[in-house]
Every structure is written in structure tokens, then in C-alpha cells.
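Summary of structural features
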Amino acid sequence: MREDIRSIAHSYFRAGMSPAHDWQHVQRVETTADRLATDYPDADAHRIQLSALLHDIGRAKEDRGDIEDHAAWGADESARILREYNVSEETIGAVSHCIQAHRYSNHVTPETIEAKIISDADNLDALGAVGIARCFAYGGEQGLAIHDPSLPPEEDSSSAGKTQFNHLHKKILDLPNRMYTDVGRELAEERSAFVKEFTQRFEREATGTI
């Protein structure tokens, strides 16, 4: 069944889709979620796997402007898919909650260990070297500036940052505070340290001090 769901989930990701939220992102989240789950033997591995594979199936529709919230839409669509495989309503509800709660900006709090693991795995992919690459890839697609020396992060009043450099400070470096699992926090601190080092190096290069 896992491979059937993998194939179905993959079909929602079109060629040329944003590299910040493409199928490779889903695979990384799946791998990280499996890693986090090893520290929580009571977590339901089946629900975690389904949630990881299905968590972003609405992303392309949101990017096109067809829907407002890919997490809410994805939760409903995932329920429809899983019912075709006669998955129990209890598991469908659990997976739907994982998908709804994974999104950074919709303020749905993960209530189960499975949802906490999916949320942490998704946020971890926004940190470290991969997170930096995703940040600038997405910003380039949106036509956002890489950096504006006249607008340092501390003077940027926007919630997400008006430049990608500021976005790293405003959102990405805040992610360790949003981790729900102990192992997630450990990994987040390690990856966050790399992002901090990058921003410091970036600023020195941008000002010509190195």
C-alpha cells in the first residue's frame, strides 16, 4: 500500500514545479520523519509514512492560485484517497490532522506524536544547507531581492522578511523554537548553527569586509 500511495502522491507534482516544494522535498521529509520516529516507538509508523507522502499534494494548486491553503486542501484530498484503499477512519483522521498541522503559517498545533514528527521533519527541511538553497530558490521565483543593505533584518517590519536574507532571520532561524520532539530540536539547533554561520559570512561579503 505504501508504494501505491507513493505513486499517487507523486502524481500531484508536475514537472517544472518549484524546487522549494517539489517531490524531492517530500522524499526528504519522509526520510527525516522515519529518522525522528525511531526515538518514539509508540508512534504509528504507518500513519507517519502516509502523512509524509501526502503532506504537500496541494502545493502545486496553491502555487497556481487555485486554492488558498494547501494543507487544508491536502487533508481533505488525502482522506478521499485513503478511503479508496479502505483505510480506517481513525487512521484517516490522524493523517488529516498531520497534514493540516504541518504548515508553518496556519497556526494548527500538532496534537499527536505523529503530527509533531511530521511538523518537525517538514521544518527541518527548511533549515541547514538545504533550507538555504530552498529559501533562495523560492525567493528567485517570486522576484524577491536577495539582500537590501538599506533594510537590515532588525528594521524590517514584515513578518516573513522583504528580502531572502531577511527571511532567513525572520522565519528560518526561528524554526528551532517550533520543534516538538527532542531529536527534532537537536537537529534543528545543529542546522540553525549552519544558517547563522552562513548569514554572518554573507553579511561580511556583502559589506566588502572579506
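Residues numbered from 1 in each chain as written. Predicted model: local features only at pLDDT ≥ 70, side-chain atom pairs only at ≥ 80, totals over all residues. Heavy atoms only, no water.

Inspection of the secondary structure assignment puts Gln49 in helix H3 (residues 45–54). Among all residues touching Gln49, those that are not within four sequence positions of it are Arg2 and Asp34. (Helix = DSSP H or I, 4+ residues; strand = E, 2+ residues; numbered from the N terminus. Contact = heavy atoms within 4.5 Å.)

Turning our eyes to something else, we now look at the pattern of salt bridges. Pairing is possible between side chains that carry opposite charge, provided their charged atoms lie close to one another. Tallied over the entire structure, the rule returns 18 salt bridges. Between Asp34 and Arg2 there is a salt bridge whose closest N-O contact spans 3.4 Å. With a gap of 32 residues between them, Asp34 in helix H2 (residues 23–37) and Arg2 in helix H1 (residues 2–10) connect regions that are remote in the sequence. Linked by salt bridges that have partners in common, Arg2, Glu3, Arg6, Glu30 and Asp34 make up one network. (Salt bridge = Lys/Arg side-chain N within 4 Å of Asp/Glu carboxyl O.)

Okay, the packing of aromatic side chains next. The final tally for this structure, using the stated rule, is six aromatic pairs. Ring geometry for Tyr12 against Trp73: centres 6.3 Å apart, planes inclined by 65°, an arrangement best described as edge-to-face. Linking Tyr12 in the loop between H1 and H2 with Trp73 in helix H5 (residues 70–84), this pair joins segments that are 61 residues apart in sequence. Grouping aromatic residues by their ring pairs yields a cluster made of Phe136, Phe165, Phe198 and Phe202. (Phe/Tyr/Trp six-rings, centres within 6.5 Å; stacked < 30°, edge-to-face > 60°.)

Now for the packing of H3 against helix H7 (residues 113–124). Remark: H3 packs on H7, axes separated minimally by 10 Å, with the N-to-C direction vectors making an angle of 40°. For the element pair H3 / H7, the angle class is oblique. Judged by the twist between their axes, the crossing of H3 over H7 is right-handed. Mapping the contact onto sequence places Arg47, Ile48, Ser51 and Ala52 in H3 and Glu114, Ile117 and Ile118 in H7. A class-by-class count of the residues in the contact of H3 with H7 yields four nonpolar, one polar and two charged. (Axes fitted to C-alpha atoms, helices over the stretch in contact; angles between N-to-C directions. Parallel < 35°, antiparallel > 145°, perpendicular 65-115°, else oblique. Left-handed = near helix turned anticlockwise from the far one by under 90°. Nonpolar A, V, L, I, M, F, W, Y, C, P; charged D, E, K, R; others polar.)

This paragraph deals with the environment of Asn123. Assignment of secondary structure puts Asn123 in helix H7. Taking C-alpha positions, Asn123 is 9.1 Å from Gly184, a pair spaced 61 residues apart along the chain. Here Asn123 is in contact with Tyr104, Leu175, Arg178 and Met179, once residues within four sequence places are set aside.

Moving on, we come to the layout of surface pockets. As a volume, the largest pocket reaches approximately 690 Å³. It is helix H8 (residues 128–142) that provides the largest number of residues to the lining of the largest pocket, a total of four residues. Considering only residue class, the lining of the largest pocket consists of nine nonpolar, 11 polar and eight charged. (1 Å grid on protein atoms, 1.4 Å probe; cavity = no way out; pocket = protein on both sides within 12 Å on 5 of 7 lines; lining within 4 Å. Points joined across faces, edges and corners; volume = space filled by probe spheres on them.)

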